[in-house]
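So you can see what is in the structure, the chains are spelled out below.
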Amino acid sequence: MVKATLTVLPGDGVGVEVMASAQRVLDAIGKRYGHEFVYHEGLIGGIAIDKTGVALPDETIKLAEQSDAVLLGAVGGPKWDNPTAKVRPEQGLLKIRKHFNLFANLRPVKTYPTLVHRVPLRADLLAGVDLLFVRELTGGLYFGPRQEQEDGDSAYDTMLYTVPEVERVAHVAFRAAQGRRKKVTSVDKANVLAAMRLWRKTVVKVHEDYADVTLEHGLVDSCAMHLLTRPASFDVILAENMFGDILSDEASVLAGSLGMLPSASLGDGRFGLYEPVHGSAPDIAGMKKANPTGMILSVAMMLRYSLGLETEANTIELAVESALADGIVTADLADAQTKTVANTDEFTEAVLARL
Ligand code: IPM
Ligand code: MG
């Protein structure tokens, strides 16, 4: 039996609703397998700005420091969307990733056979689509030296990488590939950017330790195309921070909906931050329409990576798959053939019933 302390950060918009679903699933897992999950709820994002003036209060950092893992819903919304604002909800996300040195962001993407009709690509392209993004998360364009000028006529952001930064995330990608189909596609723009030439050179060097894994390099623009023309050819995709951000949203199309994708952000130890790839979806917030799958599968990743509970993680993944296979879907996955559209709670209950 495991006793784990978890920091729960629902954040904004649908983050609150999908977090409630995820906790119900986690509680059921605790009951069934005899584990105890203790939750400490904290503030992040827009709601934190409203209550404390900053997107990530020190209080939240302290809570997280005393936890085995962090579960995060989503941040942001039109209320805080002023481009000239000094405090923005997204800063909370970037800051918590950086504070805990969570440099590797794992984003698995699968096409479930029962959702093929929801993907706007030919079905024959989708057989066997099962890929894993390893996105570098604390360096690159989102963290390089920058100049922001509110009223000036120039501004810049810098793509800066050091060899150790590339090495550590490359190791994560190669190790992940060893447990999968043993192929890594490293995404860069080495034909234009110096930082990306350093990236490629470093990945080639790290690959020397992994003779059993095939390494290929892809330029980000051509990878963006190949994700749609031959998605099943990818196994692990290793990418720079912004490239991974963009390509993983693109790849969500392969899963039928952005609402499907979970993620794990990991550092050197077992501590991790787990969040769905989707955002706060202000257009449907509070309406119980959100697809909680991304958050529920993030909980499964938390059980696997931070708590070492592989069986429990599999139990959740199978329950989600079985609910979807039985045609139980939220609005984002519904079409003219869908008989009944499940709301967030109904979908969650379908998962609970199948655990
Ligand atoms: C994501 C999001 C964030 C990112 C934003 C909200 C800062 O798009 O997690 O993919 O770019 O990392
Ligand atoms: Mg993103």
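Residues numbered from 1 in each chain as written. Chains lettered and ligands numbered in written order. Predicted model: local features only at pLDDT ≥ 70, side-chain atom pairs only at ≥ 80, totals over all residues. Heavy atoms only, no water.

**Section: the site of ligand 1**
Point 1. Taken together, E90, L93, R97, R107, R135, Y142 and D245 make up all the residues around ligand 1.
Point 2. A distance of 2.9 Å separates an oxygen atom of ligand 1 from a polar atom in the side chain of R107.
Point 3. Between ligand 1 and R135 there is a distance of 2.8 Å, counted from an oxygen atom to a side-chain nitrogen or oxygen.
Point 4. Against a free-state accessible area of 320 Å², the protein chains account for coverage of 76% of ligand 1.
Point 5. Per element, the largest residue contribution to the shell around ligand 1 is 3 residues, and it comes from helix α4 (residues 89-99).
Point 6. Tallied by class, the residues present in the shell around ligand 1 amount to 2 nonpolar, no polar and 5 charged.
Point 7. Each of domain 1 (1-115 + 258-355) and domain 2 (120-255) accounts for three or more of the residues forming the shell around ligand 1. (Near = heavy atom within 4 Å. Polar contact = N/O pair within 3.5 Å; in protein donor to acceptor, adjacent residues only side chain to side chain. Areas by Shrake-Rupley, 256 points an atom, 1.4 Å probe, with all protein chains shown as cover. Helix = DSSP H or I, 4+ residues; strand = E, 2+ residues; numbered from the N terminus. Nonpolar A, V, L, I, M, F, W, Y, C, P; charged D, E, K, R; others polar. Domains from an automatic or database assignment.)

**Digging into the domain arrangement of the chain**
Point 1. Per the domain assignment, the segments making up the chain are domain 1 (1-115 + 258-355) and domain 2 (120-255).
Point 2. Contacts between domain 1 and domain 2 engage 23 residues on the former and 24 residues on the latter.
Point 3. Interface of domain 1 and domain 2: buried area, both sides summed, is about 2,300 Å²; carbon and sulfur atoms make up 57% of it.
Point 4. Among the residues of domain 1 in contact with domain 2, F103, R107 and V109 are the three that bury the most area, contributing 30% of the side total. (Contact = heavy atoms within 4.5 Å. Buried area = accessible area lost by both parts, 1.4 Å probe.)

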